[in-house]
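# Fold and contact review
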Amino acid sequence: MHVDIRIAANDLEKKDAFTVREIVFVDEQQVSIEDEHDEHDETATHIIGYVENEPLLAARLRFVEDYGKFERICVAKSHRGLSLGKQIIQHMEQVTKEAGFPKAKLNAQTHAVGFYQSLGYEVVSSEFMDAGIPHVTMIKPL
């Protein structure tokens with residue numbers, strides 16, 4: 001399966017990223033729209049992934065201190081289990097390395113910890129709640 005993952009370069013691609021995020025986080029996981037969109041959306045780098053021109057993956061990347069902060073990582077339910085999540089993470093890691101940042105940091109929903117560990121991420125926090133969902137912070141040197 002070919003997936004086209006890229007930085008959202010225009011308003012349509014950014015809107016596509018927001019749409020995927022809203023389907024996964026707001027509709028599926030019942031996160032409030034106010035929690036899903038925040039002040040960082042205006043300045044963050046948005047990542048969008050298309051399969052056969054359909055937007056199905058999204059994420060947000062911010063550069064903070066000495067790391068790339070990976071946020072709002074999601075894959076449409078219909079396409080989970082096809083290694084698309086791995087591909088979007090690898091794309092974000094490449095963008096982060098190219099920008100000169102030596103590590104990646106993310107807050108993972110606890111059900112996804114094993115997935116991130118398989119990609120080399122390590123848990124560095126105790127469990128905490130974010131938008132009513134348990135999370136842990138994870139990091140990876142790049």
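Just so you know, these numbers come straight off a predicted model, no measurement behind them.

This brings us to the nonpolar core. The biggest cluster of nonpolar side chains holds 27 residues, and the ones touching the most others in it are Leu 57, Phe 70, Ile 73, Ile 88, Tyr 116 and Tyr 121. Here the element with the most residues in this core is helix α3 (residues 84–98); it accounts for five residues. Discounting chain neighbours no more than four positions away, the residues touching Phe 70 are Arg 60, Leu 61, Ile 89, Met 92, Glu 93, Thr 96, Ala 104, Lys 105, Leu 106, Asn 107 and Tyr 121.

Working note: regular strand, side chains alternate between the two faces of the sheet. Across seven bridges, the pairing between strand β5 (residues 103–109) and strand β8 (residues 133–141) is antiparallel. Each bridged residue has a counterpart across the sheet, and for Ala 108 the counterpart in β8 is Val 136. Of the strand pairs in this sheet, strand β6 (residues 122–123) and β8 are connected by two bridges, and their pairing is antiparallel. Looking across to β8, one finds that Val 123 is bridged to Met 138. Direction of pairing for strand β7 (residues 128–130) relative to β8: antiparallel, over a ladder of three bridges. Within β8, the residue paired with Asp 130 across the bridge is Ile 133. Between the end of β7 and the start of β8, which pair antiparallel, lie two residues, with Ala 131 showing a positive phi angle near 55°.

Another point: unusual backbone geometry. Backbone geometry at Asn 53 places phi at a positive 65°, although glycine is not the residue there. Turning to its location among the elements, Asn 53 is positioned in the loop between β2 (45–51) and β3 (54–64). Assessed through its relative accessible area of 74%, Asn 53 is described here as exposed. At Arg 72, a position not held by glycine, the phi torsion is positive, near 55°.

Attention now goes to α3. In an α-helix there are 3.6 residues to a turn, and that puts residues three or four apart on one side. Under the 1.5 Å per step criterion, the end-to-end length of α3 is 21 Å for 15 residues, consistent within 8% with the ideal 21 Å. Of the residues making up α3, those classed as buried are Leu 84, Gly 85, Ile 88, Ile 89, Met 92, Glu 93, Val 95 and Thr 96. The first or second residue beyond α3 is Gly 100, which carries a positive phi of 90°.

Throughout the structure, instances matching the rule amount to three aromatic pairs. Plain terms: the ring middles of Phe 63 and Phe 101 are 4.5 Å apart, the flat faces sit at 15° to each other, and that makes the pair stacked. Of this pair, Phe 63 sits in strand β3 while Phe 101 sits in the loop between α3 and β5; the two residues are 38 residues apart in sequence, bridging distant segments of the chain. Phe 63 gets classed as partly exposed once you look at its relative accessible area, which sits at 34%.

What follows is about helix α1 (residues 11–28). In this model, α1 (18 residues) spans 24 Å end to end at C-alpha, consistent with the 26 Å of a helix rising 1.5 Å per residue. Taking the largest bend as the criterion, α1 deviates by roughly 35°, centred on Glu 22. Among all positions in α1, only Glu 13, Asp 16, Ala 17, Phe 18, Val 20, Arg 21, Val 24, Phe 25 and Val 26 are buried. Buried residues along α1 sit in contact with β1 (3–7), α2 (33–36), β2, β3, β4 (67–75) and β5. Two to three positions downstream of the cap, the backbone nitrogen of Leu 12 sits 3.1 Å from a side-chain oxygen, assigning the N-cap of α1 to Asn 10. Gln 30 lies just past α1 and shows a positive phi near 65°.

Of the residues in the protein chain, 100% reach a pLDDT of 70 or more, and the chain-wide mean stands at 95. Least confident of the elements in the protein chain is α2, whose mean pLDDT is 87; most confident is β6, at 98.

Parameters at a glance
- Residues numbered from 1 in each chain as written.
- Predicted model: local features only at pLDDT ≥ 70, side-chain atom pairs only at ≥ 80, totals over all residues.
- Heavy atoms only, no water.
- Core = buried A, V, L, I, M, F, W, Y, C linked by side-chain atoms within 4.5 Å.
- Buried < 20%, exposed > 50% of the residue type's maximum accessible area, 1.4 Å probe, protein only.
- Helix = DSSP H or I, 4+ residues; strand = E, 2+ residues; numbered from the N terminus.
- Contact = heavy atoms within 4.5 Å.
- Pairing = 2+ DSSP bridges.
- Expected span 1.5 Å × (residues − 1).
- Phe/Tyr/Trp six-rings, centres within 6.5 Å; stacked < 30°, edge-to-face > 60°.
- Bend = angle between axes of the 7 residues up to and from the residue.
- Polar contact = N/O pair within 3.5 Å; in protein donor to acceptor, adjacent residues only side chain to side chain.
- pLDDT = per-residue confidence, 0-100.

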